[in-house]
2 protein chains.
Amino acid sequence: MQIVIHLDSKSKISLQVQIYEQIVDHIRAGHLKAGGILPSSRDLSSQLRVSRNTVCEAYEKLISDGYIRTVPQRGTFVCGTVPEDAMSTMVRKNIEKSDMMSSINLPLPYGARGLPGLYAPPDLQIRTDFRFGRSEPHSFPAKTWRRLVLECLGGASKRMCEYNDPAGILELRDLIANYLGPSRGMSVTAENVVIVGGFQQGINLAAHLLVGTNTPVVMEAPCYRGAAFLFETHGGRVIPVPVDENGIIVERLLEHRVKVVYVTPSHQFPTGGTMSLERRLALLQWAAKTGAYILEVDYDSDFRYEGTLLPSLQSLDRTGCVIYLNSFSRSIGPGLRLGYMIVPRHLLNATRTLKALIDNGSPWLEQATLAEFMKNGSFTAHLKRLRNTYRDRRDKVRSSIEKYFGQPTLAGDEAGTHMLWSPPDSLPNAAELEALARTVGVGLHGLPSGAVLHENMLADHERKILLGYVHLTPTQIEDGFIRLAGALSDAKARTSSFAGAATPRCRNGPALLV
Amino acid sequence: MQIVIHLDSKSKISLQVQIYEQIVDHIRAGHLKAGGILPSSRDLSSQLRVSRNTVCEAYEKLISDGYIRTVPQRGTFVCGTVPEDAMSTMVRKNIEKSDMMSSINLPLPYGARGLPGLYAPPDLQIRTDFRFGRSEPHSFPAKTWRRLVLECLGGASKRMCEYNDPAGILELRDLIANYLGPSRGMSVTAENVVIVGGFQQGINLAAHLLVGTNTPVVMEAPCYRGAAFLFETHGGRVIPVPVDENGIIVERLLEHRVKVVYVTPSHQFPTGGTMSLERRLALLQWAAKTGAYILEVDYDSDFRYEGTLLPSLQSLDRTGCVIYLNSFSRSIGPGLRLGYMIVPRHLLNATRTLKALIDNGSPWLEQATLAEFMKNGSFTAHLKRLRNTYRDRRDKVRSSIEKYFGQPTLAGDEAGTHMLWSPPDSLPNAAELEALARTVGVGLHGLPSGAVLHENMLADHERKILLGYVHLTPTQIEDGFIRLAGALSDAKARTSSFAGAATPRCRNGPALLV
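Residues numbered from 1 in each chain as written. Chains lettered and ligands numbered in written order. Predicted model: local features only at pLDDT ≥ 70, side-chain atom pairs only at ≥ 80, totals over all residues. Heavy atoms only, no water.

Caption draft 1: A look at the overall build of chain A. Across its full length, chain A holds 15 helices and 17 strands. In chain A, the share of contacts with a sequence separation of at least 24, taken over all contacts with a separation of at least 6, comes to 73%. Surface exposure of chain A reaches about 19,700 Å², of which carbon and sulfur atoms provide 52%. (Helix = DSSP H or I, 4+ residues; strand = E, 2+ residues; numbered from the N terminus. Contact = heavy atoms within 4.5 Å. Areas by Shrake-Rupley, 256 points an atom, 1.4 Å probe, with all protein chains shown as cover.)

Structure (structure tokens):
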């Protein structure tokens, strides 16, 4: 079969995207009907005289966006069972409702920078991606987890047929409370623990409780944009307050009337600083005086490679102003969608009620399996293993940068799952590096593409690279920097082409770029 | 060991509750220290000279509230690792923060009627509970589920270590879109489907998108209180509009300016009516004219025992005003916490963005397993089996009521997982029946205790019993009504004691009460 696609080879839009967009248009217009077959990638590439890879990339995106699907041994089909007239109904809907948009609380402005969270659809152009927010896939304790899931489903499968406590199953809350004693110096009981679907849901609960129209919310600047946008959907007014290497600058809080202040004291996102004890005490004192709440997002506290892990704000709090949040996304995996809040007693009823209202609690099987995993000691052992693996990878990032780019300027590398690299002045800025790295299949991310907001409050922000590395093997890490160095060398060779091809290529070996 | 507990046998407060409260006081005051052992239930019952059951009930509640926990073969202990001074800190927090409460968006008023959702802590006094919202535990396809979970964890465990698409994994969305075609006459593609954590989260997403301070939201009256409270936490102003046996009375909508109208057209909760086709079309016409959104909660549509399942509002919608919601809580189990929304195209980006913001998507393993379950045909077969089981149980409720109380007056018994019983006039009202049933270990629920709101807009509301029955075996169902009949007979015998013990007791056999 043939399909009408007109490619403009002079367009700035890549050929893959042109193919993608024109197929979407065909589907939307009803030319390609639901259930209808598409040409194979081989046929389409020969029809269009483009590489098969180009067509495959377009198809992959069409699949991931839900337009088409592949049935093994049969072919590629337009999704669903949507007849032509339903499709034109949808188009009609768009027109008829568009004038109502302004009256809807749509968080659409965020669309411009893509999805606000950490999910990114697969990017086929990238082989080694230093994207933040990924975990080491092979580290997942699949074997143990399988055994524990089976045990849970064997003994207590009737709990799949029940509404369980919306605050979380008691076994898990109890184990978390016991874990926080030795690990974070926190004195809490199961009663204080509310199980949530990860950091994001914990922030949502706190925002839903505390933030209404025009509520002033202070965030560290720069910060994680997924949190800022969430406060805004609740009507909050986000006030950025700068951080230095010791965390949020508490004196700068005095300028504002504040209801909630959002902090990441163990490993500030994205600058990587650790809030000093002095700052912690000052922040608590300020909160006690002003009546503000501190939302302590204890991100990355499970991974400290050097120096002391400071006591959490929650453990130092004497007035009940700290809402503490942590998650198993880094320590087990984001696919689990589990985390926990420790709330002060006076917020406990409200938080439990609200958790019941927003989703009736988190899924039982995930909670039950995690409880078994924590109970039999596997969790502590797993964390220890991960910490060693991640430390090795951290070392590899350091040594690779040193090898190919000289003594590295890094921040936040003594803990956690990301660090902030300031490449040497001889290198182009972050946006250019990002583009260049892409040409050799390496995903590098400056602050704007790394889920960061208010990055412009950081000095030299356009020269910072946010490195997520824990999901990459040491070989992948080194290979990524080798290829980056190679691309830089090639680019230099091109721009200084008057000097001939004298600059050594270094795709296959180290080179010092000055 | 001994413990100071002073019981007042003349108090209106039950002995269990007195024991519970005094132990909580001891823990809060630090008299019973964290990790400290409690007397065994046998010892405490002999010390207090009350039945061991009374002590056990108090202990069960203390366990479920997180105060104490039982270690098999070792004893019962005060929870956590909370030293005395931390405890008194907590008490201090309560005092210091209490004056701030008024400035917090706390959904506390709902506390008065307990948790707003369908979770109820175990009630040891009840042996047979006709509570709404439970599923048949033995119906859970544990064996198949175990196999599919293992397959998922075997092949793709790396997806536990990834952020998956917050709108839901594509495989599942595709299967749901395909399922809705034949089963609900809906023409949708995977693109329109957003996976959510059950009905409650779907309602929350719609409310978060559309409802702000003072937004008028119409709800059927009576309705499910968990939904109404949720709209209120977003600032919504809930306007109750009455239903009749054909669903919401559309003409009564004309009186209001409305942004969202919440309906349960397949099986109205709690009255059990099915919205007629005429009403459906009138509602859609009204929405198209006024620009309101319809939130179609297609609750119980999987279980129709008699009559035709009418097309969903979504399938009849031509202007993109319907947000459709369904859940797997009844068809598989509430512990799964999975459901789905079908949103009009112009709301799609906003809904996906918001789902990413509120929890970064639902857990992967649940979604992947459910996709496998739907893909291999198990889901359809399971539904068919469930439908037959539930129909038998429905028949048993009908025949048991007829046997012990005469020809039953039931509503909503031709579909779904609940029905509304109007006991004969000779019987006491719902609240008294509830209390009487409790004395013989039977859980009966009038509208106020059945998660219902605006029940007073229903005629004879104080004489309605909301029967959840699908989780009870036919034997349990009959036994429940036998015991109720017995209790009624006993009560009658007591009140007419001047007539001697002439009224036959019927705890062990049927009796017609007139």
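Caption draft 2: A look at the sheet that holds strand β15 (residues 418–421) of chain B. All names here are of chain B. Ordered in space as β14-β15-β18, the 3 strands form an open sheet in which the pairing is antiparallel. Strand pairing shows two members of the sheet lacking a second neighbour, β14 (410–411) and β18 (465–468), which therefore form its edges. Here β15 pairs with β18 via 4 bridges, running antiparallel. In the strand pairing of β18, L420 is matched with L466. (Pairing = 2+ DSSP bridges.)

Caption draft 3: Just the confidence of the model for chain A, in detail. Residue and element names in this part refer to chain A. Counting all residues, the mean pLDDT for chain A is 85, and 88% of those residues have values of 70 or more. Low pLDDT (under 50) marks residues 81–113, which in the prediction has 77 contacts with non-local residues, meaning those over four places away or in another chain. This stretch, residues 499–514, has a pLDDT under 50; its non-local contacts, to residues over four places away or in other chains, come to 31 contacts. Model confidence for the complex is summarised by a pTM of 0.78, with the ipTM given as 0.78. (pLDDT = per-residue confidence, 0-100.)

Caption draft 4: Spatial organisation of the nonpolar core. Formed by 138 residues in total, the largest nonpolar core has its most connected members in A:F481 and B:F481. Once residues lying within four places of it in the same chain are set aside, the contact partners of B:F481 are B:F130, B:V397, B:S400, B:I401, B:Y404, B:F405, B:W421 and B:L467. Counting residues in hydrophobic clusters, the runner-up holds 96 residues, among them A:I358, A:L458, B:F199 and B:L210. (Core = buried A, V, L, I, M, F, W, Y, C linked by side-chain atoms within 4.5 Å. Buried < 20%, exposed > 50% of the residue type's maximum accessible area, 1.4 Å probe, protein only.)

Caption draft 5: Layout of the environment of A:L357. Summarising the element assignment, A:L357 is placed in helix α11 (residues 345–359). The spatial distance from the C-alpha of A:L357 to the C-alpha of A:A207 is 14 Å, given a sequence separation of 150 residues.

Caption draft 6: Looking closely at the pattern of salt bridges. Residue and element names in this part refer to chain A. Scanning the model with the defined rule gives 44 salt bridges over all chains in all. For the salt bridge of D395 with R394, the shortest nitrogen-to-oxygen distance reads 2.9 Å. A residue is classified by how much of its surface remains accessible, and D395, at 31% relative accessible area, is partly exposed. Salt-bridge contacts for R398 lead to D413; the nearest nitrogen and oxygen are separated by 2.9 Å. Note that R398 is positioned in helix α13 (residues 378–405) and D413 in the loop between β13 (410–411) and β14 (418–421), a separation of 15 residues in sequence. By sharing partners, the salt bridges in this structure join E306, R394, D395, R398 and D413 into a single network. (Salt bridge = Lys/Arg side-chain N within 4 Å of Asp/Glu carboxyl O.)

Caption draft 7: Inspection of unusual backbone geometry at higher detail. Cis geometry is adopted by the peptide bond preceding A:P222, which originates at A:A221 and carries an omega value of 0 degrees. As for its position among the elements, A:P222 is in the loop between β5 (216–221) and β6 (223–224). Cis rather than trans, the peptide bond between B:F269 and B:P270 has omega equal to 5 degrees. You can see B:P270 is positioned in the loop between β10 (260–263) and α9 (277–290).

Caption draft 8: Focus on the state of the cysteines. Under the definition given, this model contains 0 disulfides over all chains. The thiol of A:C161 is not disulfide-bonded; the next cysteine sulfur, from A:C152, is found 15 Å away. (Disulfide = S-S within 2.5 Å.)

Caption draft 9: Broad picture of the packing of helix α2 (residues 41–48) of chain A against helix α3 (residues 52–64) of chain A. Residues and elements named next belong to chain A. One can describe the packing of α2 onto α3 by two numbers: an axis separation of 8 Å at closest approach and a directional angle of 120 degrees. Considering the angle they form, α2 stands oblique to α3. Considering the relative orientation of α2 and α3, their crossing is right-handed. Of the residues in α3, those touching α2 at S41, R42, L44 and S45 are R52, V55, C56 and Y59. Among the residues forming the contact of α2 with α3, the class breakdown is 4 nonpolar, 2 polar and 2 charged. (Axes fitted to C-alpha atoms, helices over the stretch in contact; angles between N-to-C directions. Parallel < 35°, antiparallel > 145°, perpendicular 65-115°, else oblique. Left-handed = near helix turned anticlockwise from the far one by under 90°. Nonpolar A, V, L, I, M, F, W, Y, C, P; charged D, E, K, R; others polar.)

Caption draft 10: Fine view of the sheet that holds strand β3 (residues 75–78) of chain B. Residue and element names in this part refer to chain B. The 3 strands are arranged β1-β3-β2 in an open sheet whose pairing can be described as antiparallel. The open sheet is flanked by β1 (37–38) and β2 (68–71), the only strands paired with a single partner. Sheet topology note: the β1/β3 ladder contains 2 bridges and is antiparallel. Paired with L38 across the two strands is T76, which belongs to β3. Strands β1, β2 and β3 of the sheet are contacted by helix α3 (residues 52–64), whose axis makes an angle of about 105 degrees with β2.

Caption draft 11: Quick look at the packing of helix α6 (residues 170–184) of chain A against helix α12 (residues 364–375) of chain A. Residue and element names in this part refer to chain A. The contact between α6 and α12 brings their axes to 9 Å, and the two run at 40 degrees. By the angle between their axes, α6 is oblique relative to α12. Helix-helix and strand crossings are classified by hand; for α6 and α12 the assignment is left-handed. Across the interface between the two elements, E171, L172, L175, I176 and Y179 of α6 pack against Q367, L370, A371, M374 and K375 of α12.

Caption draft 12: Summary view of the side chain of A:E296. All names here are of chain A. Here E296 shows up in strand β10 (residues 293–297). For the buried E296, no salt bridge is present, and the opposite-charge side chain at shortest range is R280, 4.4 Å distant. Here E296 is in contact with V263, P265, R280, S312, L313, Q314, V322, I323, Y324 and L325, once residues within four sequence places are set aside. (Lys, Arg positive; Asp, Glu negative; His and termini not counted.)

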